[in-house]
Amino acid sequence: MAEARSVIRLNLTRAIDMFEAARPDLDRGFGGADPGVERCVAELTGGAVRSPVHLEIVLPAAEIIPGIEARLMSTLQHYCDAHRRRNNLARRTIQWSGVRALRIGAPVSLLGLAIVGVASAIGAHDPLHDVVDIVGWVFAWLGLWYPFDKVLFYPLDLVRDNHALTALHDATLTVSAAVHR
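Just so it is clear, the structure is predicted and the values come from calculations on it, not from any experiment.

Student: Explanation requested: the overall build of the protein in the structure shown.
Tutor: Regarding its fold elements, the protein presents 4 helices and 5 strands. In sequence order, the secondary structure elements of the protein are arranged as β-β-β-α-β-α-α-α-β. Taken over C-alpha atoms, the radius of gyration comes to 26 Å for the protein, far larger than the 16 Å a tight globule of 181 residues would show. The C-alpha extent of the protein, read off along each of the three principal axes, is 85 × 35 × 35 Å.

Student: Explain the nonpolar core here, please?
Tutor: Soluble globular proteins tend to pack their nonpolar side chains together in the buried interior. Of all hydrophobic cores here, the largest spans 25 residues; its most connected members are Met18, Leu55, Ile57, Leu72, Leu76 and Leu168. Within the residue set of this core, elements represented by two or more residues are strand 1 (6-11), helix 1 (36-45), strand 4 (53-59), helix 2 (68-122), helix 4 (156-169) and strand 5 (172-177). No other element matches helix 2, which puts 5 residues into this core. What Leu72 contacts, discounting residues up to four positions off in sequence, is Ala15, Met18, Phe19, Ile57, Leu173 and Val175.

Student: Would you take a moment to explain the packing of helix 1 against helix 4 for this structure?
Tutor: Angle between the axes and distance between the axes are the two parameters that describe a pair of packed helices. As a packed pair, helix 1 and helix 4 sit with axes 9 Å apart at the nearest point and diverge in direction by 115 degrees. In the packing of helix 1 onto helix 4, the handedness of the crossing is right-handed. Here Val37, Cys40, Val41, Leu44 and Thr45 of helix 1 lie close against helix 4, whose contacting residues are Arg160, Asp161, Ala164, Leu165, Ala167 and Leu168. Among the residues forming the contact of helix 1 with helix 4, the class breakdown is 8 nonpolar, 1 polar and 2 charged.

Student: What is the right way to look at the side chain of Asn87 in this model?
Tutor: On the secondary structure map, Asn87 appears in helix 2. Taking the relative accessible area as the measure of exposure, Asn87 reaches 6% and is therefore buried. The residues contacting Asn87, other than those within four sequence positions of it, are Leu158, Asp161, Asn162 and Leu165.

Student: Help me understand helix 1, please; the structure alone is not making it clear to me.
Tutor: In an α-helix, one turn spans 3.6 residues; hence positions three or four apart end up facing the same way. All buried positions along helix 1 are accounted for by Gly36, Val37, Cys40, Val41 and Leu44. Seen from one end, helix 1 has its buried residues packed into an arc of 140 degrees, which puts them on one side. For helix 1, the secondary structure elements touched by its buried residues are strand 1, strand 4, helix 2 and helix 4. One or two positions beyond helix 1, positive phi appears at Gly47, with a value near 85 degrees.

Student: Any chance you could explain the environment of His78 here in plain terms?
Tutor: Tracing the sequence through the fold places His78 in helix 2. Look at His78 and you get exposed, because its relative accessible area is 55%. For the pair His78 and His169, spaced 91 residues apart in sequence, the C-alpha to C-alpha distance is 8.3 Å.

Student: Honestly, the confidence of the model for the protein in this entry has me stumped. Any pointers?
Tutor: Atomic detail in the predicted coordinates should be set aside for any region of low pLDDT. Per-chain confidence: the protein averages 87 in pLDDT, with 90% of residues scoring 70 or above. By mean pLDDT, strand 3 (residues 29-30) is the weakest element of the protein at 52, and helix 4 is the strongest at 94.

About the thresholds
Residues numbered from 1 in each chain as written. Predicted model: local features only at pLDDT ≥ 70, side-chain atom pairs only at ≥ 80, totals over all residues. Heavy atoms only, no water. Helix = DSSP H or I, 4+ residues; strand = E, 2+ residues; numbered from the N terminus. Rg over C-alpha atoms; globule rule 2.2 N^0.38 Å. Core = buried A, V, L, I, M, F, W, Y, C linked by side-chain atoms within 4.5 Å. Buried < 20%, exposed > 50% of the residue type's maximum accessible area, 1.4 Å probe, protein only. Contact = heavy atoms within 4.5 Å. Axes fitted to C-alpha atoms, helices over the stretch in contact; angles between N-to-C directions. Left-handed = near helix turned anticlockwise from the far one by under 90°. Nonpolar A, V, L, I, M, F, W, Y, C, P; charged D, E, K, R; others polar. Arc of directions from axis to C-beta. pLDDT = per-residue confidence, 0-100.

Given below as structure tokens:
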């Protein structure tokens, strides 16, 4: 039994519109604000399409030349490889900056824990104890929140993009002529 493929259909004015923003066409309207490849990545990251993927690119008949499918596929794969490398570098940069943020966050957290220690010396039945204790825990939490958030959560969008780029890299592609009505 053949595996069902998700289909992404792109109506493009020119083959290059797969990688460049389409220019306006006064007869047909604007082709789209984003390059075709970015629309594909958006659909894949949006969860509407799953792997394996099949791209159906519809072009005007004058744009279809011999070997266009192979050329588009090769360019698409190079684009995906380069974009994944750039995302991996950006992910490492973000995570490293989160680690560096601990230089400020760790002392702030330690200050917060010291304040909590002072609060315990005040006495449990004093209202000032509660205020100082809460302030201390807020500082302890704030000092670590941003670095951990940056290390753990900020890079997730880039990981999601890389999954989409991998699916796009491994996609099949067909080119067909637009039918004029």
